[in-house]
Amino acid sequence: MEKSEENGSTDEKQRGSICGYNSLQHLLSENLNPQLYQEVSRLLLGMNCGKALETIVIPESAKALSSKHDFDLQAFEFSADKELLREPRVVRVGLIQNSIALPTTAPFSDQKKALFEKLGPIIDAAGASGVNILCLQEAWMMPFAFCTREKRWCELAEPVNGESTQFLQEFARKYNMVIVSPILERDINHGETLWNTAVIIGNNGNIIGKHRKNHIPRVGDFNESTYYMEGNTGHPVFETAYGKIAVNICYGRHHPLNWLAFGLNGAEIVFNPSATVGELSEPLWPIEARNAAIANSYFVGSINRVGTEIFPNPFTSGDGKPQHSDFGHFYGSSHFSAPDASCTPSLSRFKDGLVISDMDINLCRQMKDKWGFRMTARYELYADMFGRYLKPDFEPQVITDPLLHKKSS
Ligand SMILES: NC(=O)NCCC(=O)O
């Protein structure tokens, strides 16, 4: 897709574009000559096994769904070197980004139903494309209402086996697909407490397990600590029919040790379902996940919701600026990063979308062998450092220049 006006976009749809373009990649491809664009892409997106990332053919039925339901659809292929003793282990992975389906003022049950109706065809497109593992965005079953601090949004929370999970279990069974479903969780058995949780649904429609968001933001309008606490599930890796996966939920991507812990537990693909806005985090977005993929020798799937969600009652951010009724623009831009530093272009900044990648997960070990980051990590140095740092009488290891505080004579 080219410039968004060419798709008959309204002003509403244009909101979130970059000077009328869907994404940075589209802006560049439309404005640079092909040779220059190729060179810029090489530097921006890296090289996979020495060549630019290739696109893969998407079935016509999936393309038809994307045209009918107006969502962005892109597909790529990450290769690995051929090995003599192991067969390639190619997994097809999908990420879905979407806006909410009804205004936040609509009755809650209607909002949820409309989201199910919106997601259905996109999941069908993933199924028709043979996706093995699919991940949805953070708290996909509701508006990201945590800016408001209003408790009425808690009503949307669901148990791990609640209606959103049941909705997705059908698709998991139908398409033999593992689905990662990030929800607002209500833990019925523990005082009805709330968590920000990813439910892992196996390819037989079974619930394999859950992970609760470890790091809760206290930045800008991200008032999530009003609703739920830091997760208590550690850093689980889920061994699925298609590979070992983990979920680093949104703000956890700013914590390199969170990424590391999933890697130490053996993750091959880590998803980062997110809800974040342009003014706050866009310069960080293309860097952090990609860096995590490189540093931990695994693939990362980054997902961010799209659109501007307007809430009935205005709120303030405690920064002296005027009250407002929205978070800002959720800029989409979902994409994959690989352990060899290559990455896919991003989905649209303002449109629903599905990005698919084939990935030969043999690349993870190949990169460990090449770079040796695990072998050279010197974890014992850091274990010792943390041991000391966590003590109340910790003193930073600073060696002061003895001349610094000497009086000049
Ligand atoms: N959902 C969430 O944790 N957002 C925090 C903002 C950010 O990390 O960019």
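Treat the numbers as computed from the prediction; the structure is a model and nothing was measured.

Let's talk about the site of the ligand
Next up, step 1: Neighbouring the ligand are Glu138, Pro217, Phe222, Cys250, Tyr251, Ser274, Ala275, Thr276, Leu280 and Ser281.
Next up, step 2: Grouping the constituent residues of the shell around the ligand by class yields six nonpolar, three polar and one charged.

Concerning the domain arrangement of the chain
Next up, step 1: Domains assigned within the chain are domain 1 (1–45) and domain 2 (53–371).
Next up, step 2: Computed from C-alpha atoms alone, the centre-to-centre distance between domain 1 and domain 2 is 24 Å.
Next up, step 3: Tallied by class, residues from the side of domain 1 that touches domain 2 come to three nonpolar, five polar and two charged.

Describing the nonpolar core
Next up, step 1: Grouped together as the largest cluster of nonpolar side chains are 97 residues, with contacts concentrated most on Ile133, Leu134, Ile269, Val270, Phe299 and Leu354.
Next up, step 2: When residues in this core are grouped by element, the largest group, six residues, is from helix 5 (residues 108–128).
Next up, step 3: Setting aside its immediate chain neighbours within four residues, Val270 contacts Ala246, Asn248, Trp259, Phe262, Tyr298 and Val300.

Some words on the environment of Gly252
Next up, step 1: If you trace the backbone, Gly252 turns up in the loop between strand 9 (243–247) and helix 7 (256–264).
Next up, step 2: Owing to 25 C-beta atoms within 10 Å, Gly252 belongs among the buried residues under this scheme.
Next up, step 3: The spacing of Gly252 and Ile216 is 36 residues in sequence and 7.7 Å in space, taken between C-alpha atoms.
Next up, step 4: What Gly252 contacts, discounting residues up to four positions off in sequence, is Lys213, Asn214, His215 and Asn258.

What about the sheet that holds strand 3 (residues 90–97)?
Next up, step 1: With mixed pairing, the eight strands of this open sheet are ordered in space as 1-2-17-3-4-5-6-7. The sheet terminates laterally at strand 1 (54–55) and strand 7 (207–212), the two strands that pair on one side only.
Next up, step 2: With seven bridges joining them, strand 2 (residues 72–78) and strand 17 (residues 353–360) adopt parallel strand pairing. In the sheet register, Leu73 faces strand 17, and the bridge partner there is Leu354.
Next up, step 3: Of the strands in this sheet, strand 5 (178–187), strand 6 (193–201) and strand 7 are in contact with helix 6 (residues 163–175), which crosses strand 5 at around 170°.

Quick word on the packing of helix 5 against helix 6
A pair of packed helices is characterised by two quantities: the angle between their axes and the separation of those axes.
Next up, step 1: As a packed pair, helix 5 and helix 6 sit with axes 11 Å apart at the nearest point and diverge in direction by 15°. Taken together, the axes of helix 5 and helix 6 are roughly parallel relative to one another. Viewed along their axes, helix 5 and helix 6 form a crossing whose handedness is right-handed. Contact with helix 5, carried on its side by Phe116, Ile123 and Gly127, involves Phe167, Phe171, Lys174 and Tyr175 of helix 6 and no other residues of that element.
Next up, step 2: Here the residues of the contact of helix 5 with helix 6 sort into five nonpolar, one polar and one charged.

Regarding the pairing of strand 11 (residues 299–304)
Next up, step 1: Most of strand 11 sits out of view: six of its six residues are buried.
Next up, step 2: A two-sided burial pattern is seen for strand 11, the buried positions comprising Phe299, Gly301 and Ile303 on one face and Val300, Ser302 and Asn304 on the other.
Next up, step 3: Two elements, strand 11 and strand 16 (residues 335–337), share three bridges in a ladder whose sense is antiparallel. The residue of strand 16 that forms the bridge with Ser302 is His335.

Here we look at the sheet that holds strand 8 (residues 238–240)
Within a sheet, neighbouring strands are paired by backbone hydrogen bonds and run either parallel or antiparallel to one another.
Next up, step 1: Across the sheet, which stays open at both edges, the five strands sit in the order 8-9-10-11-16 with mixed pairing between neighbours. The two strands at the open ends of the sheet, each matched to only one other strand, are strand 8 and strand 16. When strand polarity is set aside, the average angle formed by the axes of neighbouring strands in this sheet is 25°.
Next up, step 2: Each of strand 10 (269–274), strand 11 and strand 16 touches helix 9 (residues 285–296); the most contacted strand, strand 11, lies at about 165° to it.

Reading the values: the criteria
- Residues numbered from 1 in each chain as written.
- Predicted model: local features only at pLDDT ≥ 70, side-chain atom pairs only at ≥ 80, totals over all residues.
- Near = placed C-beta within 6 Å.
- Nonpolar A, V, L, I, M, F, W, Y, C, P; charged D, E, K, R; others polar.
- Domains from an automatic or database assignment.
- Core = buried A, V, L, I, M, F, W, Y, C linked by C-beta atoms within 7 Å.
- Buried ≥ 20, exposed ≤ 12 C-beta atoms within 10 Å, placed from the backbone.
- Helix = DSSP H or I, 4+ residues; strand = E, 2+ residues; numbered from the N terminus.
- Contact = placed C-beta atoms within 7 Å.
- Pairing = 2+ DSSP bridges.
- Axes fitted to C-alpha atoms, helices over the stretch in contact; angles between N-to-C directions.
- Parallel < 35°, antiparallel > 145°, perpendicular 65-115°, else oblique.
- Left-handed = near helix turned anticlockwise from the far one by under 90°.

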